Protein chains: 2
Amino acid sequence: MADIHPEHAHIIEQTKANMPSEEILEKTAEVFKVFGDKTRIRILSALSEGEMCVCCLCDLLEMNQSAVSHQLAVLKSARLIKSRREGKQIYYSLDDAHIGAILYTGISHAEED
Amino acid sequence: MADIHPEHAHIIEQTKANMPSEEILEKTAEVFKVFGDKTRIRILSALSEGEMCVCCLCDLLEMNQSAVSHQLAVLKSARLIKSRREGKQIYYSLDDAHIGAILYTGISHAEED
DNA sequence: TGAACATATGAACAATTGTTCATATGTTCT
DNA sequence: AGAACATATGAACAATTGTTCATATGTTCA
């Protein structure tokens, strides 16, 4: 590891002071981690069009019900989606508009170049 | 797996038609995956203040040089950061303004509630 | 109440990931 | 050219993750 040049010491302190807290950094990484899976992106993308029940998602994604439910649980515990029951079926939707915005930003970035 | 109700079939087709391509969905997940690590979020957060050399990052993050370089390589191959050499040192910075925007959106979300 | 349906959940396994250690590459200065 | 410095990279390992299979929970309807 190299010695720190005198003129760098100040920048390091400055940057350290401006960094979000460890707790926020941790939370931020956790949120992105949840977005960082193709199956979950597909679910979020579908839900960005409106609420949908589990069986529809299974059909849409062509995945078995267990795999879909597991990912819905991950998304829900991260508060990216919410659910409501209607009879036997459970409908999922994006938790708030913010989620759609994050998703859209990421998709836009991926669509470039 | 349940049968699809007739009124759902239409929604499924509609949603499927509006979904980004598999390639875009894949890319989107990959980008978020790179954002989904605390060390990398700390690096990106630091670089959002301006360019920084590797040894400064090591000092700032209190991590060894190898670990930092490995993560810089991940960030660079995902085109989230770029580098420039100045003598013996290599300075890293965010690849474009878009990256800062995505980071900021995630941090803002984490800061809520 | 019991059968059929819709969804959730636990265990297990392969695959992926982040860090460390050791070493290689590339630059500067004498 | 050789020494010192700054960074990159390969191998190895523990830890985490996504899916599958089997089964549990909760709801509706006869």
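So, here's what we can say about the structure. (Residues numbered from 1 in each chain as written. Chains lettered and ligands numbered in written order. Predicted model: local features only at pLDDT ≥ 70, side-chain atom pairs only at ≥ 80, totals over all residues. Heavy atoms only, no water.)

Some words on the pairing of strand β2 (residues 81-86) of chain B
Residues and elements named next belong to chain B.
- Here β2 runs beside strand β3 (residues 89-94); their pairing, made up of six bridges, is antiparallel. Within β3, the position partnered with K82 by the bridge is S93.
- Linking β2 back to β3 in an antiparallel pair, the connection comprises two residues, with G87 at a positive phi of about 65°. (Pairing = 2+ DSSP bridges. Helix = DSSP H or I, 4+ residues; strand = E, 2+ residues; numbered from the N terminus.)

Here's the deal with the relation of the copies chain A and chain B
- Of the transformation placing chain A onto chain B, the axial shift is 0.0 Å and the rotation is 180°, giving an RMSD of 0.0 Å. Accordingly, the operation relating the two chain copies is best matched by a two-fold axis.
- Residue by residue, 100% of the interface of chain A is reproduced at the interface of chain B, so both copies engage with the same surface. (Least-squares fit on C-alpha atoms with pLDDT ≥ 70 in both. Contact = heavy atoms within 4.5 Å.)

Digging into the side chain of T28 of chain A
- Tracing the sequence through the fold places T28 of chain A in helix α2 (residues 22-35).
- When neighbours within four sequence positions are excluded, T28 of chain A is seen to be in contact with I41, G106, I107 and A110 of chain B.

A closer look at helix α6 (residues 97-111) of chain B
- Between the first and last C-alpha of α6 of chain B there are 21 Å, a value that for 15 residues agrees with the 21 Å anticipated at 1.5 Å per step.
- Within α6 of chain B, the full set of buried residues consists of H98, I99, I102, L103, T105, G106, I107, S108, H109 and A110 of chain B.
- On the buried face of α6 of chain B, the contacting elements are α2 and α6 (97-111) of chain A together with α2 (22-35), α3 (38-47) and β3 of chain B.
- For α6 of chain B, the capping residue at the N-terminal end is D96 of chain B, with a side-chain oxygen 2.9 Å from the backbone nitrogen of H98 of chain B. (Expected span 1.5 Å × (residues − 1). Buried < 20%, exposed > 50% of the residue type's maximum accessible area, 1.4 Å probe, protein only. Polar contact = N/O pair within 3.5 Å; in protein donor to acceptor, adjacent residues only side chain to side chain.)

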